[in-house]
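Per-entry structural report
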There are 2 protein chains.
Amino acid sequence: MLTNMADWRRTHSCGVLTDKNIDEEVLLMGWVQRRRDHGGVIFIDLRDREGITQIVLNESAPVARETGESVRNEYVIAVKGKVAARPDGMVNLNIKTGMIDVIVSEIKILNNALTPPFMIDEHTDAAEDVRLKYRYLDLRRPQLQKNIMMRNNITKSIREYMWANGFIDIETPFLGKSTPEGARDYLVPSRVNAGKFYALPQSPQQFKQLLMVGGFERYFQIVKCFRDEDLRADRQPEFTQLDIEMSFIDRNDIIDMIEGLIAKLFKDILDKDVQRPFPTIMYKDAMELYGHDAPDTRFGLHLKTINNMVENCQFKVFSDTVKNGGIVKAVNAKGAGKAFSRKVLDELGEYVVSLGAKGLAYIKINDDGIQSPLVKNLGEELTYEIIKVMEGQSGDIIFFGAGDENLVNLTMSKLRLKLGNLLGLINPKQYNLVWVLEFPLLEWSPEDKRYAAVHHPFTAPMDEDIANIDSNPKSVRAKAYDLVLNGSEIGGGSIRIHRSDIQQKMFERLGLGEEEIKEKFGYFVDALKYGTPPHGGIAFGIDRIASIFAGTESIRDVIAFPKTQKATDLMSGAPDYVEPKQLKELYIKSDISANKPV
Amino acid sequence: MLTNMADWRRTHSCGVLTDKNIDEEVLLMGWVQRRRDHGGVIFIDLRDREGITQIVLNESAPVARETGESVRNEYVIAVKGKVAARPDGMVNLNIKTGMIDVIVSEIKILNNALTPPFMIDEHTDAAEDVRLKYRYLDLRRPQLQKNIMMRNNITKSIREYMWANGFIDIETPFLGKSTPEGARDYLVPSRVNAGKFYALPQSPQQFKQLLMVGGFERYFQIVKCFRDEDLRADRQPEFTQLDIEMSFIDRNDIIDMIEGLIAKLFKDILDKDVQRPFPTIMYKDAMELYGHDAPDTRFGLHLKTINNMVENCQFKVFSDTVKNGGIVKAVNAKGAGKAFSRKVLDELGEYVVSLGAKGLAYIKINDDGIQSPLVKNLGEELTYEIIKVMEGQSGDIIFFGAGDENLVNLTMSKLRLKLGNLLGLINPKQYNLVWVLEFPLLEWSPEDKRYAAVHHPFTAPMDEDIANIDSNPKSVRAKAYDLVLNGSEIGGGSIRIHRSDIQQKMFERLGLGEEEIKEKFGYFVDALKYGTPPHGGIAFGIDRIASIFAGTESIRDVIAFPKTQKATDLMSGAPDYVEPKQLKELYIKSDISANKPV
């Protein structure tokens, strides 16, 4: 085997040779994807990251052929040879190199390989934990190669746009200060400062605003962020954020800037033209029509609140709900009457119950009349009134949700997605972008018995609403914006408060005293007082964007070395126990019993 | 004050208007650098990140002028006005906008500002701790603005090159596994995996090699790395690394690739042409001539080992040193005889003593003979022989170092730098690049009584030396390379071992048993067995490169939010104490007494 590569240099990748190269002498290197022997001739599919080339070892080079007999799948080899046209009938038009073979004159085995624990191809059926343990082999599979390269192309495209528009890539610290707000921090004990801890950033929010105070005007960064959350299906303890902040702008400036970025991404990555400006929807309309602030607008099935119709009806479940401050919403699943069996309807009922609903009421409209136990409760007149309002026709099913506003929106929005899927209304090749605007600035926190910031306390209120901040806090809208793609929030941000008098007002509204402000936000509030320009920003989740573009189910498929839902790396074994000496140096003790799970 | 920017949009930055724009209506936004009143006319230097424009508020817009009276330094303002030629005699050719004024018609104060704790200009004499506390103000100073923007240009230039050459930007994990080798890790306690810890990466070394195993062939990343070291003068706990790895190459391929990168950087950032190929020096020659493996080659003053001349001389200090296995080295400080006073010579003596030397012997060559107490020890004949070998002439001083090899090289290399400075031999505008090659693979570890890897145990030996790995371990050279710029190692790397048989041999040579290999390097060694291509890589310190290019003394001047030598952030107060609840969730206890400093 060869250790010194000095005299062997690749001339081509395995993805480029065509009939234009016939008779050229070439030198290829790569992995053995497959070896076949046919009557004394060895055919090898040689693979590198660019593609596959078929190489042929025959009687013209008996030494090479003999060496070729020893190679196995995933061996690493180098071959010298001449490009030849494939015999008629052997041509494969499905791959770029399918017109040619390379007839080998010399071969070197660069490395051998054990038999991999699973096949390195698109059809692997290995369990995910095996693939994660041997991630370095999983990464050789065409799909993961493509995903990781696409992710590189995404961040490249983003950077090109940001630089072309005068944004400066500035690094912010990873070893920061723990803040009591937000999600749980990952902590890093300090050795030099006994008893103290750094926190890994959940986002560089304060630093990017300080860069605006510092006069950089346009900042961006593609940066790892950390949240020690209980990992839901598709979260990672470390995730990648595109972080952006601009000065001397208002909401529409940043929306316009970002639309340019997103349109470029779609063009560069998917070769799709995106229409600008993107549609917008106000938060309250999104909640009414979709029950969610990240609506999938690829299909209709709009929800409708029918409180005014049912508040005085005989059906106690509906009327009491309204009287107790709840809501009743309906959705017309067009055509579901024929599409859904009794079993499907039962499953939908179980689904919403699993989400917290009491049950799933519905009206099925048949050719020969209404089928629903509701009719006798609502009365025929109201039933038909509702059907009319919901534009119900024969073959439709109208579903209802009643109860607390948040719960109804949760269950009905999830039900809507389920219905869209079941009715085949969702086109996976369609990309619907929508800006969600005019989020509320404040929400009532029942635990703390005070108002809390929906985004964060530095988000600016809309100018026309500032006057209502005391008289009608709930009505105050924020200069915040989320960008939603096919029902996923891919980015969100806001114009920030840049005036210290408004910031002070905001803190008071949140019920914070002088001491508390100082302790929680001290240096940051000081910074605002030294000439802070109007500014705002946005952040995007790169993992999510990459997985949507790659068409994968999980963000793990667009991360080279992802962690499991238990936040472990099955390949390296992280996290792991460490030497007692290491802990001692950090002034900490392990204390397994401290927080026993119940 | 304005909160809604919607109707005010910048037309230009403060750095672009010239006499070509005369009579144009413009809208500028920025900070008040300076305000002067002259006979009822207000002149304001308006600053943004692009530059400064002088704006004039006069009787043509009395309302604006009145508003202008209230602005102070660092206020943020927006002005509408018309570009006008400056009156003769007021033109300032030192700045691009020095030909024009903007005669203001309307002004808006976007924000006011407290008086900054120091002047926002190039001449600040504020102490560094004050500047670090108010980093957001320090960042407004022209020098830091320039540095941070240059750093952005550096990473932009690097990325362009890497992408143009087929490298893929791939992110590696921050939450990894602690390894007993190398520097001290920063640890991150795991909440989900009680009692276990992640470690922040000291470098993505194993991951980048695994990406080669995974078939990506060309990887790069600009990534934060972490070392919990006792901070020397110019280290940061977190630092930024350009990390590169390539497959199917040998040493000269990567050297060639990197020279292209460095040449582009010099062209893009400093507009300098760098000659290729870069000079190379073998490790053993670097140690002989410079006493250091990162030589500053901008000046001569080569060291010379004179063991063979002094091993039998009468001067016991020299001859005993040689007999005890030490070395004697000399350097001829040309022209120092006239340049150095007695006081300077005393200071040099104190300097080398502070580094561990016993003293500083020298021979001063005057017009009228030799001046040195050494003469009577060495004898005239040997003295003149040494002078001849060292090419001593009247006016020179020859300095000597004797003792343990490492100590002599340390003291003489530092002395050489001092001499170069004192004699004015170092041109700060000159950039000398040199590759240092053929590092030893192994070094004897007296503590462990075994050989240790000079780089790391995955560095490949040179092919022609593999056979000597048992018979003469010290003589085995590594396929390692450092790139040195003006005496600073800016990058270093190696060709890696890709064959598991050689890796096994290497481990044996390092005295590791099967169990130890498995425990320390388990999954990584496994990975090598599944078809690993020949590969190698390099890593560069971005902070150091940026500081050399920016001509700053400290890397803190090229980092937006640096930490102090005590690893603290004076602005945010990180690290800090955290809530007991946070520690409990992480299964740790603070234990301040664990590691009391002595």
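Residues numbered from 1 in each chain as written. Chains lettered and ligands numbered in written order. Predicted model: local features only at pLDDT ≥ 70, side-chain atom pairs only at ≥ 80, totals over all residues. Heavy atoms only, no water.

What counts is decided by this rule: UniProt positions are given in the numbering used here, feature names are shortened, and annotations may be inferred rather than shown by experiment.
Chain A appears in an unreviewed UniProt entry as Aspartate--tRNA(Asp/Asn) ligase from Mucispirillum schaedleri ASF457. The annotation that UniProt attaches to chain A under Catalytic activity (unreviewed entry) is "tRNA(Asx) + L-aspartate + ATP = L-aspartyl-tRNA(Asx) + AMP + diphosphate".

**Describing the side chain of R131 of chain B**
The following threshold applies: Numbering goes from the N terminus for both helices and strands, where a helix is a DSSP run of H or I of at least four residues and a strand is a run of E of at least two. Here, two residues are considered to be in contact whenever any of their heavy atoms come within 4.5 Å of each other.
Considering the arrangement of structural elements, one finds R131 of chain B in helix α2 (residues 128–133). Among all residues touching R131 of chain B, those that are not within four sequence positions of it are F118, T124, A126, D138 and R141 of chain B.

**Topic: the relation of the copies chain B and chain A**
Let me state the cut-off plainly: Alignment of copies: least-squares fit on C-alpha atoms of residues with pLDDT of at least 70 in both copies.
Superposing chain B onto chain A takes a rotation of 180° combined with a translation of 0.0 Å along the rotation axis, leaving an RMSD of 0.1 Å. Considering both components of the superposition, the chain copies are consistent with a two-fold axis. Interface residue correspondence from chain B to chain A reaches 100%, placing this contact among same-surface, isologous pairings.

**A short note on the interface of chain B and chain A**
Selection criterion: One speaks of a salt bridge when a side-chain nitrogen belonging to Lys or Arg is within 4 Å of a carboxyl oxygen belonging to Asp or Glu. Here a polar contact is recorded for every N or O atom pair within 3.5 Å, except that within protein the pair must consist of a potential hydrogen donor and a potential acceptor, and residues adjacent in sequence are included only if both atoms are side-chain atoms. Residues are sorted three ways: Asp, Glu, Lys and Arg are charged, Ala, Val, Leu, Ile, Met, Phe, Trp, Tyr, Cys and Pro are nonpolar, and all the rest, Gly among them, are polar.
Taken together, the 135 residues of chain B in the interface contact 135 residues of chain A. The tally of links between chain B and chain A comes to 14 salt bridges. For R184 of chain A, the salt bridge is made with E585 of chain B, and the minimal N-O distance between the two is 2.9 Å. If you look at where chain B meets chain A, you find 69 residue pairs in polar contact (both at pLDDT 80 or more). Looking at the side of chain B that touches chain A, the element that brings in the most residues is helix α4 (residues 142–164) of chain B, giving 10 residues. Split by residue class, the side of chain B that touches chain A holds 67 nonpolar, 29 polar and 39 charged.

**Things to note about the UniProt feature "site: Important for tRNA non-discrimination" (unreviewed entry) in chain A**
Residues and elements named next belong to chain A. What counts here: Relative accessibility under 20% of the residue-type maximum defines a buried residue, over 50% an exposed one, and the middle range a partly exposed one, all with a 1.4 Å probe and only protein chains included.
What UniProt calls "site: Important for tRNA non-discrimination" (unreviewed entry) maps, in this numbering, to H38 and G89. Judged by relative accessible area, which is 48%, H38 ranks as partly exposed. Tracing the backbone through its elements, the reader meets G89 in the loop between β4 (76–85) and β5 (100–111).

**Focus on the UniProt feature "binding site: ATP" (unreviewed entry) in chain A**
All names here are of chain A. To keep things clear, this is the line we draw: Points on a 1 Å grid over protein atoms alone make up a cavity when a 1.4 Å probe fits among them but cannot get out, and a pocket when they form an open set with protein on both sides within 12 Å along at least five of seven lines; lining residues each have an atom within 4 Å of a point.
Within this structure's numbering, the places UniProt gives as "binding site: ATP" (unreviewed entry) are R227, D228, E229, Q236, E489, G541, I542, D543 and R544. Lining residues of the second largest cavity, restricted to the annotated ones just named, are Q236 and D543. Here G541 shows up in strand β22 (residues 535–541). Filtering out sequence-adjacent residues up to four positions away, G541 remains in contact with T240 and I490. Here I542 is to be found in helix α17 (residues 542–550). You can call I542 buried: its relative accessible area is 0%. Excluding its chain neighbours within four sequence positions, the residues that come into contact with I542 are R151, T155, I158, I222, T240, Q241 and L242.

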